[in-house]
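The residues making up each chain are set out below.
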Amino acid sequence: MKFVDLHAQYLTIQEEIDAAIATVIAESSFVRGRHVADFESAFAEQIGVPHCVSCANGTDALYIAIKSLGLEPGDEVITTAHSWISTSETITQAGGTPVFCDTETDYFCLDPEQIESKITPRTRGIIPVHLYGQPANMDAIMRIARQHELWVIEDCAQAHLASYRGQMAGTMGDAATFSFYPGKNLGAMGDAGCLVSRRDDVAEFAALFAHHGGKNQHLMEGINSRLDGIQAAILNVKLKHLSAWTDARRQIADSYDRQLSRIPGIRIPPRRPDCEHVFHLYVIQTEQRDPLRDHLRQQEIPTAINYPCPLPLVPAYDYLGAQATDFPTAAHHASRILSLPLYPELSTADVTRVATEIEAFQQVTATSG
Ligand SMILES: *Cc1c(COP(=O)(O)O)cnc(C)c1O
């Protein structure tokens, strides 16, 4: 069993993918070109926003989005203590200071109740992450943002097609960023990313900034962050399957829920009401995380920990002088979370085998006391 099996997915669409790549090679449309333009309009339409600006990866998308919202040196941006470091490192790259905020007990996302105490006169924006594929509490976050005139960037790297109270993830903030890293819910065969926005000004700036500030008449200095034609052609093929793959992910999560919810000591991932979780990751919690993980490894069941350390406590942020007690919820989760294998092609038999092994381990631990 694999944690994510990219080759299994390729085999289901091999002919389409091979043909798409051959077309790009025949046309030599390697950088930008029609496949990139097609993908940008198809993805914008899928999310339900007027603009999509593609770029090299999801980290660049965050950096470009932050720049497009006009961050200035010394500005502060509030973000979650529980994410991948792209979410915060790009704030620093753009000249700002990340201000970390603890997470919700149930949903692992930025806790709106903790945001206001972190707002200062230098705060410019908030970056919530729809972590593991479950939307953050956007009503509360958008209300605080409006009250304090802050912008919001949704980090949707794990949340393609997730929705919050009928609104698609990526349509609620001033901008939203996506990653198409191979293992993401929509993945290229290399690095790729994009940002989407309802705002004309943001999309216009982003398209210029990502491409050297324009062609010949450079309106500003920018960066070089482009989607290449082969990745775009691959993404065009895969986008058509995304909705079915998302359904498959949800069915696997339902099946895990059914089989794991009756096992004492295992907490299945709570789902926010009125939202569609797209299960980029299926994350359980247990006090016996490390021994359970060892047991599963012995049974050749791979797992992952996303992520083992709250961001403000990694060495890169030693300068903040933060402690685990400053982020009690994120720190609590970091020691208990375990991501189980989940990808659309994972078989029912494999899901049952994972659940059975978890149950066997929990029974032994319970009886050995
Ligand atoms: C994957 C990821 C990113 C970065 O995307 P890349 O394409 O790998 O640069 C950003 N934020 C989150 C939450 C991610 O999971």
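Chemist: Quick one: what's the story with the site of the ligand, residue by residue and with numbers?
Modeler: In the vicinity of the ligand, 14 residues are found, and the nearest of them are Gly58, Thr59, Asp155, Ser179 and Lys184. Gly58 has a polar backbone atom sitting 2.7 Å from an oxygen atom of the ligand. In the model, a nitrogen atom of the ligand is placed 2.8 Å from a nitrogen or oxygen of the Asp155 side chain. For the shell around the ligand, the elements supplying multiple residues, two or more each, are α4 (58–68) and α5 (86–93). A per-class count over the shell around the ligand returns four nonpolar, eight polar and two charged.

Chemist: Describe the domain arrangement of the protein, and please don't skip the residues or the numbers.
Modeler: Taken as a whole, the protein is organised into domain 1 (6–239) and domain 2 (242–368). With 46 residues of domain 1 at the interface, the matching set in domain 2 holds 38 residues. Regarding the contact of domain 1 and domain 2, the summed buried area is about 3,600 Å², with carbon and sulfur atoms giving 59% of it. Its largest share of buried area at the contact with domain 2, domain 1 owes to Phe100, Tyr132 and Asn185, together 19% of the area lost on that side. Across the contact surface, domain 1 and domain 2 share two salt bridges. Listed by contribution, the elements that provide at least two residues to the side of domain 1 that touches domain 2 are α1 (6–12), α5, β3 (97–101), β6 (163–164) and α8 (229–239). Residue classes in the side of domain 1 that touches domain 2 are distributed as 21 nonpolar, 17 polar and eight charged.

Chemist: Talk me through the packing of aromatic side chains; I want residue IDs and the actual numbers.
Modeler: Per the counting criterion, the structure on display carries 12 aromatic pairs. Each ring, one from Phe39 and one from Phe180, has its centre 5.3 Å from the other, and the planes form 85 degrees; the classification is edge-to-face. Here Phe39 is found in helix α3 (residues 34–47), whereas its partner Phe180 is found in the loop between β8 (175–179) and β9 (193–197), with 141 residues between them in sequence. Both residues of the pair, Phe39 and Phe180, count as buried. Judged by centre distance (5.0 Å) and plane angle (75 degrees), the rings of Phe100 and Tyr317 are edge-to-face. Of the two residues, Phe100 is situated in strand β3 and Tyr317 in the loop between α10 (289–298) and α11 (328–334); the sequence distance between them amounts to 217 residues. In this pair, the class of Phe100 matches that of Tyr317, namely buried. Among the aromatic residues, those joined into a cluster by ring pairs are Phe39, Phe43, Phe178 and Phe180.

Chemist: Pulling in residues and values, what's your account of the nonpolar core?
Modeler: Formed by 49 residues in total, the largest nonpolar core has its most connected members in Tyr256, Leu260, Tyr282, Ile284, Leu340 and Ile358. A domain-level breakdown of this core finds at least three residues from each of domain 1 (6–239) and domain 2 (242–368). Not counting chain neighbours up to four residues away, the residues in contact with Ile358 comprise Leu260, Ile263, Ile266, Ile284, Leu292, Leu296 and Leu340. Of all hydrophobic cores here, the second largest spans 26 residues; its members include Ile47, Ala162, Phe180 and Val278.

Chemist: Before we move on, could you go through the side chain of Asn306 and cite the residues and values that matter?
Modeler: Position of Asn306 among the secondary structure elements: in the loop between α10 and α11. Of the polar contacts made by the side chain of Asn306, one reaches the side chain of Ser339; its length is 2.5 Å. Aside from chain neighbours lying at most four places away, what touches Asn306 is His82, Tyr132, Leu281, Ile337 and Ser339.

Chemist: Which residues make up the packing of α4 against α5, and what values do they have?
Modeler: For the pair α4 and α5, the least separation of the axes is 9 Å and the interaxial angle reads 45 degrees. With respect to each other, α4 and α5 are oriented oblique. You can see that α4 and α5 cross each other, and the crossing is right-handed. Of the residues in α5, those touching α4 at Thr59, Leu62, Tyr63 and Ile66 are Ser86, Thr87, Glu89, Thr90, Ile91 and Gln93.

What counts and what doesn't
- Think of each chain on its own: its residues are numbered from 1, step by step along the sequence as written.
- Predicted model: local features are reported for residues with pLDDT of at least 70 only, side-chain atom pairs are reported and counted for 80 or more only, and whole-chain, interface and lining totals are derived from all residues.
- Based on all heavy atoms of the structure, the side-chain values leave hydrogens and waters out of the count.
- For this description, a residue counts as near a given molecule or strand if any of its non-hydrogen atoms is within 4 Å of it.
- N or O atoms within 3.5 Å of each other form a polar contact, as long as, within protein, one can give a hydrogen and the other can take it, and as long as residues adjacent in sequence are counted only when both atoms are side-chain atoms.
- In this description a helix means any DSSP run of H or I spanning at least four residues, a strand means any run of E spanning at least two, and both kinds are numbered starting from the N terminus.
- Gly is put with the polar residues, along with every residue not named as nonpolar or charged; the nonpolar set is Ala, Val, Leu, Ile, Met, Phe, Trp, Tyr, Cys and Pro, and the charged set is Asp, Glu, Lys and Arg.
- The domain limits used here are those given by an automatic or database domain assignment.
- Two residues form a contact once any of their heavy atoms are found within 4.5 Å.
- Buried area adds together the accessible area that both of two parts lose upon being put together, with accessible area traced by a 1.4 Å probe.
- We define a salt bridge as a contact between a side-chain nitrogen of Lys or Arg and a carboxyl oxygen of Asp or Glu at a distance within 4 Å.
- Here a Phe, Tyr or Trp ring, Trp counted by its six-membered ring, pairs with any other such ring whose centre lies within 6.5 Å, and the pair is stacked when the planes are under 30 degrees apart, edge-to-face when over 60, and tilted otherwise.
- When a residue's accessible area, from a 1.4 Å probe over protein chains only, is under 20% of the maximum for its type it is buried; when over 50% it is exposed; and in between it is partly exposed.
- Residues belong to one nonpolar core when they are buried, are Ala, Val, Leu, Ile, Met, Phe, Trp, Tyr or Cys, and are joined through side-chain atoms within 4.5 Å.
- Lines fitted to C-alpha atoms define the axes here, with helix axes fitted over just the stretch in contact, and angles between the N-to-C directions of these axes take values from 0 to 180 degrees.
- For classification purposes, an angle smaller than 35 degrees is called roughly parallel, one larger than 145 roughly antiparallel, one from 65 to 115 roughly perpendicular, and anything else oblique.
- Helix crossings get a hand from a simple test, with the near helix turned counterclockwise from the far one by less than a right angle marking a left-handed crossing and a clockwise turn marking a right-handed one.

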